[in-house]
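Residues per chain are reported as follows:
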Amino acid sequence: MLYKALTFLKVARQVAATGNVVLSKILTELDNSKDSMQLGVDYEKFFASHLTITLVSEVEHFLGSAVAAALRLYPEKMGSQTIKLADVLAVSSKEEIIDRAARGVMNALMYEKPLDYLKNLANILSIDEANFEHLWPVFVELKARRDVGVHNNWNANEIYIRKIREAGISST
């Protein structure tokens, strides 16, 4: 939906630039609206930023779901896990314990350093990490870009620079 809105805005601006007075007036009104002024960015940048956030979130959700499913099927891939007695007593089956542990491992994986994340992801999913090495820096940078957008108003900071360096990307 966001992509369609962004595409519409881009096309509308192109049409308005050809002299369409009505469309030009509508877009000017939109750009000068209270919402636009509060955002401090034009709507194209607003939609593009939300596309980035959504894309990274969906990829992370997919990877997390795949990891959790693999761990439920092959719980031995979790290695040694500490489980609180209260958690054991709170569940009604072995599968629930495994599910809780799998979600914990999956959540921890998402916060690992980029290269450790790739190594452990490949291990859990039984895939050759070499197949992803060329894509991984792009994903890490996009993920770091999303984080800096959400948490620092799209301004690169030392956390962003550290994350991309850890992935082998130059910050210049």
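In case you missed it, the structure is sitting above this.
Student: For this particular structure, what's the right way to read the nonpolar core?
Tutor: Note on soluble globular proteins: their nonpolar side chains tend to be buried together. Core analysis: the biggest nonpolar cluster contains 20 residues, and V67, L71, M78, Y117, L121, I124 and W136 have the highest contact counts within it. Elements that contribute at least two residues to this core include exactly α4 (43–73), α6 (94–110), α7 (114–125) and α8 (136–152). Top element by residues in this core is α6. It accounts for seven residues. Aside from chain neighbours lying at most four places away, what touches W136 is P114, L115, Y117, L118 and L121. Formed by six residues, the second largest nonpolar core is a distinct cluster that contains A16, L23, L27 and F47.

Student: Sorry if this is basic, but what is going on with α6 here?
Tutor: One full turn of an α-helix is made of 3.6 residues, so residues set three or four places apart face in the same direction. The end-to-end C-alpha distance of α6 is 25 Å, a good match for the 24 Å that 17 residues give at a rise of 1.5 Å each. Considered for burial, the residues of α6 that qualify are I98, A101, A102, V105, M106, L109 and M110.

Student: Please clarify how the pattern of salt bridges should be interpreted in this entry.
Tutor: When the charged atoms of two side chains with opposite charge come close together, those side chains can pair. Following the criterion strictly, the structure yields nine salt bridges and no others. Here D147 and R146 are joined by a salt bridge, their closest N and O atoms 2.7 Å apart. By relative accessible area, R146 is classed as buried at 11%. Salt-bridge contacts for E166 lead to R162; the nearest nitrogen and oxygen are separated by 3.2 Å.

Rules behind the numbers
- What you see as residue numbers is a count from 1 along each chain, following the sequence as written.
- For this predicted model, a pLDDT threshold of at least 70 governs which residues receive local features, and a threshold of 80 or more governs which side-chain atom pairs are given and counted, while totals over whole chains, interfaces and linings are taken from all residues.
- Neither water nor hydrogens contribute to the side-chain values; these are computed over all heavy atoms in the structure.
- To define a nonpolar core, start from buried Ala, Val, Leu, Ile, Met, Phe, Trp, Tyr and Cys residues and group those joined through side-chain atoms within 4.5 Å.
- Between buried and exposed lies partly exposed: a residue is buried under 20% and exposed over 50% of the maximum accessible area for its type, with that area taken using a 1.4 Å probe on protein chains only.
- Starting at the N terminus, helices and strands are each numbered in turn, a helix being any DSSP run of H or I of at least four residues and a strand any DSSP run of E of at least two.
- Any two residues whose heavy atoms approach within 4.5 Å are treated as being in contact.
- One fewer than the residue count of a helix, multiplied by 1.5 Å, yields its expected span.
- Note on definitions: salt bridges are taken to be side-chain nitrogens of Lys or Arg within 4 Å of carboxyl oxygens of Asp or Glu.

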